[in-house]
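Coordinate analysis (summary)
Each chain, letter by letter, is given below.
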Amino acid sequence: MIFNSVHRQITHHRPVMLCLILVLIFSLANGNKCTVTIKDEKKLVISCSNVTIEEYLAEIFTNVGEMAEISPVERTFVVNIEIVDSYLPTVDDWLFHPLAVDRFSSVESVRIFNSSVQNVVVKHLSRFSSIKKLGLGGNNISDFEFLDEIRHLEHLNMDNTKFINESNFFSYIEGRGKPLQLINLSNCALKTFFVTNSAINQYDLSLNPNLTTIFLRHRRGPGIPLIKLSFNNNDKLRIIPSNIHLIGTGCIALDLSNSHGIFNLSLISLHHICVAKELILNNCRIPSINPVNFNIRAFISSSRDFPIQRLDLSHTELVHISSNMLSFATFFELNLSHNNLTSLNDSIFYNSTIFWLNLANSNIGHISPKVFSDLNYIESLDLSKNHISSLQGVFENSITINSIDLSYNPIKVLYDEDFRKCKDLHSINLSNVFVKVFSGNPFARISSLKSLTLSVDSTLNSEFIKTAHISELLIVNSTLVKLNGEQFKGFYKLRRLVFKDSIASSIDKLAFQGLFNLRRISMLKQMGPYHVSIFQPLFSLESLDLSKHEIKKLDLELNGLYSLRKLNLSQNAIDSVAVNSFKTMRNLELLCLDYNRISILSMGTFRDLIKLTHLYLNNNQLQQLSPGIFTGLQNLILLDLSRNDLLRIKPHLVIGISLPRLKFLYLQGNQLGNEYAKGDDSARKSEFSVIADHHSLEFIDINQNGWQCITLIDVLSSFKKNNISYKPGHVDYLAYNINGVSCT
């Protein structure tokens, strides 16, 4: 059996142990029909194909039992089982024989697909009762009484099943007391779906092209039921939700997407129904919305008590919308993107209530001045990637609009009055627009404007865009001349400055003077070379990324950054750090100095970092650490000293005393274990015992340090005694190791 790689991540929040890999690598190496994978430390996934019952048991039973018996970690696993394309005529307790150990007490999901199942026996079997997701599609089951015993079921997948006449499956749906979240009956050759007493939240009836009648009497449940009918290509469908009692009337959500050919909604017969949640019609062919061929008004209500949360008409080849077809309707979200509308006329949205309107990528070149002024309460409007050349009159009365995306439009001139009436406008995106002429300052009068995204050809003239209200400025896809102090003068409320896909010929050392409130600056390193002293005026800066900047020495260039909380100096060429480099950074919480060339750290380097919680010094050239080097780091949680050249570090002085709140300590990839070969093993054991007695330490990694196995046993015993984890997260297992820690 080929063991899948275990997907784990080492983070500074929770170091991870892979204590089970060694057992599984060797014990599962001989099979070829099943795999066992551990995911997220708590899920055991069993996947098999082309097996019989005997083969399944032979491949899984012994191996899972060995893992439970040998693994030193006391934990329980949630089990997921998937078997496909096999021969399993009867499913009963044999499925759980390999999981008899208490460690595998919870079975979350079972999927047995296309495996010739005819009979399922689950009576008095508690492991079936706990299943939340069950898939038995593509089989030959006729008796579904066993479903009554699976009391915690939430998702039931019976896709690709051909139900025979004597099947009692639909009786089960009607009689079930606790509502299911989802039932999947896709590709089941259904012609009718007749259920008179159900409380299921979602019905997937897609890929049933011969389905002509849906009769649904729905009990009151926690939400509006969604009926998914995508890929059905049926223009003779009748939906009859008789006596549905949801929000006071018969309301459902419909997914009719991916119905190829010319989709004619008028031919679908709806009886006593309103669509109150979603109507999804994307990837259908709907050239026109009009009263004859596509009467969308049959689905929408003018009453605010029954608004459509989402109407999706994207990718429908829509060319024309007749007047008043969307009038007096209420939508939380209306998606008309990726169509061919070319123009928007006055009365399309007359007196409509739309909160989020997406018209992106719709070939729109002309917009009548009153189109959006007729919309009530609109908050977000996406007009990106169209052919709009002028905005004159477009937003004349759009008082409530909060966000406008106009990116990728050929707008050459912006006038002073274009956004003047947008009193609530918070965000404007003009990326990749490249306005040539600003007639006056179109943003100066928008007191609510907080975020502005721009693209410029060569110069950033602050007089055209200056507004004291902006807190976020994004410069996108721009080639700029020299950045200087005049360009950002007056942006005293700016909190975030982003340069995305932009370059500059040079950056003056006073470029950011006056940005007293700037908290974050991003992607500046793409702009071109600059000296780190340009950040000195930014005493409100909270996050600074200077990684990969070819910095060789760190002195006093960053002094004055009093508010800095995160500083990334990794992957540079730093070989020395001045004692006072971080003197003013009393709010710093994260410091990354990894992947540099630091060989010596002077006493007092970190003494002022009283709030620091994470310090990364890994992948440097440190050989010694002076006692007290970390004095002052009273709040440090994680210290990474891995992959240096550390020999003797006197850990009881360097770590045990100075760092009272330390939880995660990484020392792997050094030479600490080599000291034991020099005859002072007793002293060294005492030093690591001090580390083991650290009251807050939870994890330590001392792998790949040249340990002798006989000595390593004692060191690891002290960690185990104090419940400190030490199993490495990623390691190449050598010929000799103790619980994953390599030794010789």
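One can find the structure itself at the top, above this paragraph.
Below or above, wherever it landed, is the structure these notes cover. (Residues numbered from 1 in each chain as written. Predicted model: local features only at pLDDT ≥ 70, side-chain atom pairs only at ≥ 80, totals over all residues. Heavy atoms only, no water.)

**Quick word on the state of the cysteines**
Under the convention used in this document: Defined by distance alone, a disulfide is two cysteine sulfur atoms within 2.5 Å. Put simply, DSSP H or I for four residues or longer makes a helix, DSSP E for two residues or longer makes a strand, and each gets a number counted from the N terminus. Buried residues are those whose accessible area, probed at 1.4 Å on protein chains only, stays under 20% of the maximum for their type, while exposed residues exceed 50% and partly exposed ones sit between those limits.
All told, the structure shown has two disulfides when counted by the stated rule. Disulfide partner of Cys 34: Cys 48, at an S-S distance of 2.1 Å. Because the sign of the S-S torsion sets the handedness, a value of about 115 degrees for the bond joining Cys 34 and Cys 48 places this disulfide among the right-handed ones. Of this pair, Cys 34 sits in strand E1 (residues 34-39) while Cys 48 sits in strand E2 (residues 43-49); the two residues are 14 residues apart in sequence, bridging distant segments of the chain. What pairs with Cys 709 in a disulfide is Cys 743, and their sulfur atoms sit 1.9 Å apart. For the disulfide bridge between Cys 709 and Cys 743, the dihedral angle about the S-S bond is near 85 degrees, and by the sign convention the bridge is right-handed. In this pair, Cys 709 is assigned in helix H8 (residues 709-721) and Cys 743 in the segment after strand E47 (741-742), connecting sequence segments 34 residues apart. Among the residues examined, Cys 743 registers a relative accessible area of 5% and is labelled buried.

**Details of the pattern of salt bridges**
Inclusion rule: What makes a salt bridge here is a side-chain nitrogen of Lys or Arg within 4 Å of a carboxyl oxygen of Asp or Glu, nothing more.
Considering all chains together, one arrives at 15 salt bridges under this definition. For Lys 33, the salt bridge is made with Glu 55, and the minimal N-O distance between the two is 3.0 Å. Residue Lys 33 is found in the loop between helix H1 (21-27) and E1, and its partner Glu 55 is found in helix H2 (residues 53-70); the two are separated by 22 residues along the sequence. Where Glu 317 meets Arg 285, a salt bridge forms, and the shortest distance between an N and an O atom there is 3.3 Å. You can see Glu 317 sitting in the loop between strand E19 (308-312) and strand E20 (320-321) and its partner Arg 285 sitting in the loop between strand E17 (274-280) and strand E18 (288-289), a full 32 residues away along the chain. Overall, Glu 317 belongs to the partly exposed group, its relative accessible area being 49%. What makes Arg 285 partly exposed here is its relative accessible area of 37%.

**Here's the deal with the environment of Leu 454**
Summarising the element assignment, Leu 454 is placed in strand E31 (residues 451-454). Along the sequence, Leu 454 and Ser 407 sit 47 residues apart, while their C-alpha atoms lie 8.8 Å from each other.

**Looking at the packing of aromatic side chains**
This is how it is decided: Put simply, two rings from Phe, Tyr or Trp (the six-membered ring, in Trp's case) pair if the centres are within 6.5 Å, and we call them stacked under 30 degrees between planes, edge-to-face over 60, tilted for the rest.
Throughout the structure, instances matching the rule amount to 22 aromatic pairs. Consider the rings of Tyr 666 and Phe 699, whose centres lie 5.6 Å apart with planes at 50 degrees: the pair is tilted. Highlighted residues: Tyr 666 in strand E44 (residues 664-666) and Phe 699 in strand E45 (residues 699-701), separated in sequence by 33 residues. Look at Tyr 666 and you get buried, because its relative accessible area is 6%.

**A word on the nonpolar core**
The following threshold applies: Nonpolar cores are built from buried Ala, Val, Leu, Ile, Met, Phe, Trp, Tyr and Cys residues. Side-chain atoms within 4.5 Å join them into one set. Here, residues are in contact when the closest pair of their heavy atoms is within 4.5 Å.
Ranked by internal contacts, the top residues of the largest apolar core, which has 197 residues, are Phe 372 and Phe 630. Top element by residues in this core is H8. It accounts for five residues. Phe 372 has contacts with Leu 344, Leu 357, Leu 359, Ile 367, Leu 381, Leu 383, Val 394, Phe 395 and Ser 398, leaving out every residue within four places of it along the chain.

Take it as geometry only, folks, not as evidence of what the structure does.
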